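# Understanding the architecture of this molecule
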Amino acid sequence: MIIASAQFTAAPCAIEANAARMAGLVTEAGERGAALVVFPELALTGYELGATAAAVTPDDPRLTPVRDACRAAGVAAVVNCIAPGPTITSYVYGPDGALLTRYAKQHLTPNEQAAGFVAGGSDGRFTLDGITFALAICYDAHFPDLAARAATDGCAVLLASSLYGRGNGAAERMQIFPALAVDNALHVLLANHTGPAGPYDACGLSAIWAPDGSVLAEGPAQEEGLVLATVGQSLPSTELEVLRSAP
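Presented here is a report on the structure given in the accompanying data block. (Residues numbered from 1 in each chain as written. Predicted model: local features only at pLDDT ≥ 70, side-chain atom pairs only at ≥ 80, totals over all residues. Heavy atoms only, no water.)

Moving on to the pattern of salt bridges. Using the criterion set out here, one finds 11 salt bridges in the structure. Between E112 and K105 there is a salt bridge, and its shortest N-O distance comes to 2.9 Å. Between R125 and D153 there is a salt bridge whose closest N-O contact spans 2.9 Å. One end of the pair, R125, is in strand β6 (residues 124–128); the other, D153, is in the loop between α4 (144–152) and β8 (157–161), and 28 residues separate them in sequence. The network of salt bridges with shared partners includes D123, R125, D145, R149 and D153. (Salt bridge = Lys/Arg side-chain N within 4 Å of Asp/Glu carboxyl O. Helix = DSSP H or I, 4+ residues; strand = E, 2+ residues; numbered from the N terminus.)

Okay, the packing of aromatic side chains next. Under the counting rule described, the total for this entry stands at seven aromatic pairs. Here the aromatic rings of Y47 and Y200 are separated by 5.8 Å at their centres, their planes lie at 65°, and the arrangement is edge-to-face. Here Y47 is found in the loop between β2 (36–38) and α2 (64–73), whereas its partner Y200 is found in strand β11 (residues 200–203), with 153 residues between them in sequence. Taking the relative accessible area as the measure of exposure, Y200 reaches 38% and is therefore partly exposed. Of the aromatic side chains, those joined through ring pairs into one cluster are Y164, F177 and W209. (Phe/Tyr/Trp six-rings, centres within 6.5 Å; stacked < 30°, edge-to-face > 60°. Buried < 20%, exposed > 50% of the residue type's maximum accessible area, 1.4 Å probe, protein only.)

This brings us to the sheet that holds strand β9 (residues 187–191). The strands making up a sheet associate through backbone hydrogen bonding, with each pair oriented either parallel or antiparallel. The strand order across the open sheet formed by six strands is β6-β7-β8-β9-β12-β13, and the pairing between neighbours is mixed. Of all strands in the sheet, those with a lone pairing partner are β6 and β13 (215–218), marking the two edges. Between one strand axis and the next, the sheet turns by 20° as a mean value, whatever way the strands run. Bridge count for strand β7 (residues 131–137) against β8 is five bridges, and the pairing is parallel. Note that in β8 the partner of A136 across the bridge is A160. Helix-sheet contacts for α4 involve β6, β7 and β8, and the interaxial angle to β7 is about 170°. Where helix α5 (residues 168–184) meets the sheet, its contacts fall on β8, β9, β12 (207–209) and β13, and the angle it forms with β12 comes to roughly 35°. (Pairing = 2+ DSSP bridges. Axes fitted to C-alpha atoms, helices over the stretch in contact; angles between N-to-C directions. Contact = heavy atoms within 4.5 Å.)

Following this line, the structure appears as structure tokens:
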């Protein structure tokens, strides 16, 4: 299966505009042969912790363009947003546009707690074309037990919707994600923002790692677009593609 990590610069609190951009990336992913595309943390609003009033439910009409794009392209999508609670949540839409599962971030940063977000209490899992996926959201990846549980549950791929900034954030991603892959024999996907994201300047570099910790595909630091690689129950083939869209 080909999976895609999508990075772009989200417009602050502009749900309709961001949903349209995401729908376009779902369509592009389908054209490139991907069965699944994953978006960064709070991609729907940008990383705007004060936007809790912008919480959306899975069937919110503002997400219709994304669901329609999934249905038209036959592509599943992991859409991270503010959900009622409020929680930082990934809605997973299947290739028919229907909700497959939802996952609320379990490990919140101090800033997220101060903004009133509530931690989730259960792990996220879904199966697509015979491959079982686990979900994580940014700071979750700093807690190795989450990935260990995914491996124990028979997951083959860990999908992390995240926000890492330039400098320390860029260094963290290279320490954390390859280690999660190696320690748990998982493929690991990171979907990151690029450019302004709330108070951060995101470093891009969305990537996909093999279970041996090697980089299968890595995106640019500043350009928007898709990063694609082939994954499966065992080590993927050497075929991979990095696709860059114009900003």
